Amino acid sequence: MFKITTEVITGAEVREAVEAPDAGAVVLFFGTVRNNTDGRPTKYLEYEAYPPMAEKKMAEIAEEISEKWGIHRVAMIHRVGRLEIGEVSVAVAVASPHRKDGFEACQYAMNRLKQIVPIWKREVWADGEAEWVKPDAVFFEELPERT
Amino acid sequence: MKVTVKYFAVCHEMLDRSEEEMQLPEGATVQTILKRLEEEWPEIAEFYEVMQMSVNWEYATENTELAEGDEVALIPPVTGGNNV
């Protein structure tokens, strides 16, 4: 399952998508809306995505995980629209025979998701201002060469 | 040829539209679209450095050639970063 949704994410959807009898571990990650960024209070977040490309890129990440770890059961879901403090914005589930690979693959999936999946976050601050979140310098260094 | 161009997040805000159809000459590339947008809104060029483009849901370069019916998108930096 690779999905952009406007619905509440419970985690059950991704967990069920990766269930397999040969799995000894299911690693489940939730990204949640934090009430501040570097101490500045956040009122809520708005996420926007390019759904068909986002879902395609998520599937590519799963393909990378399959090549690196031999893990074939990965699911990702990201919510868009207005999200309140504490709500789940993203969930990743990885089922693997053993937990070590599962933890690594789940971490990898989130890192890649933030690099290549076209999803944007608008931070609406408690003081009423709002801005699209810019990535940090590391991301810029990883951008492919422009020709 | 006619292509669809999509704008997201900060691009959507800057251009005040989320997508449009563009009529382009044969042999047009992604660069052709960028130039056209720059004529309308010169400041957008500053963002090109950190922006990526996609053609038919795949990351592309300025030199990527376009064909009739292609779906092009301006991809501002994604949520990225270790702070998120």
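Going by the structure above, here's the rest.
Residues numbered from 1 in each chain as written. Chains lettered and ligands numbered in written order. Predicted model: local features only at pLDDT ≥ 70, side-chain atom pairs only at ≥ 80, totals over all residues. Heavy atoms only, no water.

**Q** How would you summarise the packing of aromatic side chains if you had to cite specific residues and measurements?
**A** Any pair of aromatic rings gets described here by the distance separating the centres and the angle formed by the planes. Applying the stated criterion across every chain, the model contains three aromatic pairs over all chains. Where Tyr50(A) meets Phe8(B), the ring centres are 4.6 Å apart and the plane angle is 35°; that geometry is what we call tilted. Placement of the pair is Tyr50(A) in the loop between β4 (40-49) and α2 (51-69) and Phe8(B) in the loop between β1 (2-7) and α1 (9-15), with the two residues belonging to separate chains. Of the two residues examined, Tyr50(A) and Phe8(B), each falls in the buried class. The interplanar angle of 15° and the centroid separation of 4.9 Å between the aromatic rings of Trp120(A) and Phe8(B) together place this pair among those described as stacked. Pair noted here: Trp120(A) is in strand β8 (residues 119-125) and Phe8(B) is in the loop between β1 and α1, and the two residues belong to different chains. One aromatic cluster in this structure is built from Tyr50(A), Trp120(A) and Phe8(B). (Phe/Tyr/Trp six-rings, centres within 6.5 Å; stacked < 30°, edge-to-face > 60°. Helix = DSSP H or I, 4+ residues; strand = E, 2+ residues; numbered from the N terminus. Buried < 20%, exposed > 50% of the residue type's maximum accessible area, 1.4 Å probe, protein only.)

**Q** Tell me about the nonpolar core, and name the residues and values.
**A** With 28 residues, the main nonpolar core has Ile61(A), Ile65(A), Met76(A), Val92(A) and Val117(A) as its most contacted residues. Secondary structure elements with two or more residues in this core: β4, α2, β5 (73-79), β7 (88-96) and α3 (99-116) of chain A. With seven residues, α3(A) is the largest single contributor of residues to this core. Judged by nonpolar contacts, the second largest core, of 23 residues, contains Val30(B), Leu34(B), Ile44(B) and Leu74(B). (Core = buried A, V, L, I, M, F, W, Y, C linked by side-chain atoms within 4.5 Å.)

**Q** Break down the pairing of β7(A) for me, citing the residues and quoting the values.
**A** All names here are of chain A. Across the nine residues of β7, nine count as buried, placing the element largely inside the fold. Two elements, strand β2 (residues 25-32) and β7, share eight bridges in a ladder whose sense is antiparallel. Of the residues in β7, the one forming a bridge with Gly31 is Val90. Where β5 meets β7, six bridges bridge the pair, whose relative direction is antiparallel. Residue pairing in the sheet places Val74 in a bridge with Val94 of β7. (Pairing = 2+ DSSP bridges.)

**Q** Pulling in residues and values, what's your account of the pattern of salt bridges?
**A** Residues and elements named next belong to chain A. In this structure the tally under the stated criterion is 18 salt bridges over all chains. One salt bridge in this structure joins Asp127 and Arg40, with 3.0 Å as the shortest N-O distance. Of this pair, Asp127 sits in the loop between β8 and β9 (130-132) while Arg40 sits in strand β4, and the two are 87 residues apart along the sequence. Among the residues examined, Asp127 registers a relative accessible area of 52% and is labelled exposed. One salt bridge connects Lys100 with Glu104, and the closest N-O pair in it is separated by 3.0 Å. Linking Lys100 with Glu104, this pair stays in helix α3, spanning four residues, or about one helical turn. What makes Lys100 exposed here is its relative accessible area of 57%. The network of salt bridges with shared partners includes Arg40, Asp127, Glu129 and Glu131. (Salt bridge = Lys/Arg side-chain N within 4 Å of Asp/Glu carboxyl O.)

**Q** Could you give me a rundown of the sheet that holds β5(A), with the residues and numbers involved?
**A** Residue and element names in this part refer to chain A. Pairing in this open sheet of four strands is mixed, and the strands run β1-β5-β7-β2 from one edge to the other. Because the sheet does not close on itself, it has two edges, and the strands there are β1 (2-5) and β2. Put simply, the sheet's adjacent strands are angled 10° from each other on average, direction ignored. Contacts between α2 and the sheet are confined to β1 and β5, with β1 contributing the most and set at about 150° to the helix. Sitting on the sheet, α3 touches β2, β5 and β7, and the angle it makes with β7 is about 145°. (Axes fitted to C-alpha atoms, helices over the stretch in contact; angles between N-to-C directions. Contact = heavy atoms within 4.5 Å.)

**Q** Could you give an account of the environment of Ala109(A), with specific residues and numbers?
**A** Residue and element names in this part refer to chain A. With respect to the element layout, Ala109 can be found in helix α3. The buried category is assigned to Ala109, whose relative accessible area is 0%. Sequence-distant contacts of Ala109, that is, excluding residues within four places in its chain, are made with Ile61, Ile65, Met76 and Val92.

**Q** Could you give an account of α3(A), naming the residues involved and the relevant values?
**A** Here α3(A) is 18 residues long and its end C-alpha atoms lie 26 Å apart, about the 26 Å a rise of 1.5 Å per residue gives. Among all positions of α3(A), only Gly102(A), Ala105(A), Cys106(A), Tyr108(A), Ala109(A), Met110(A), Leu113(A), Lys114(A) and Ile116(A) are buried. (Expected span 1.5 Å × (residues − 1).)

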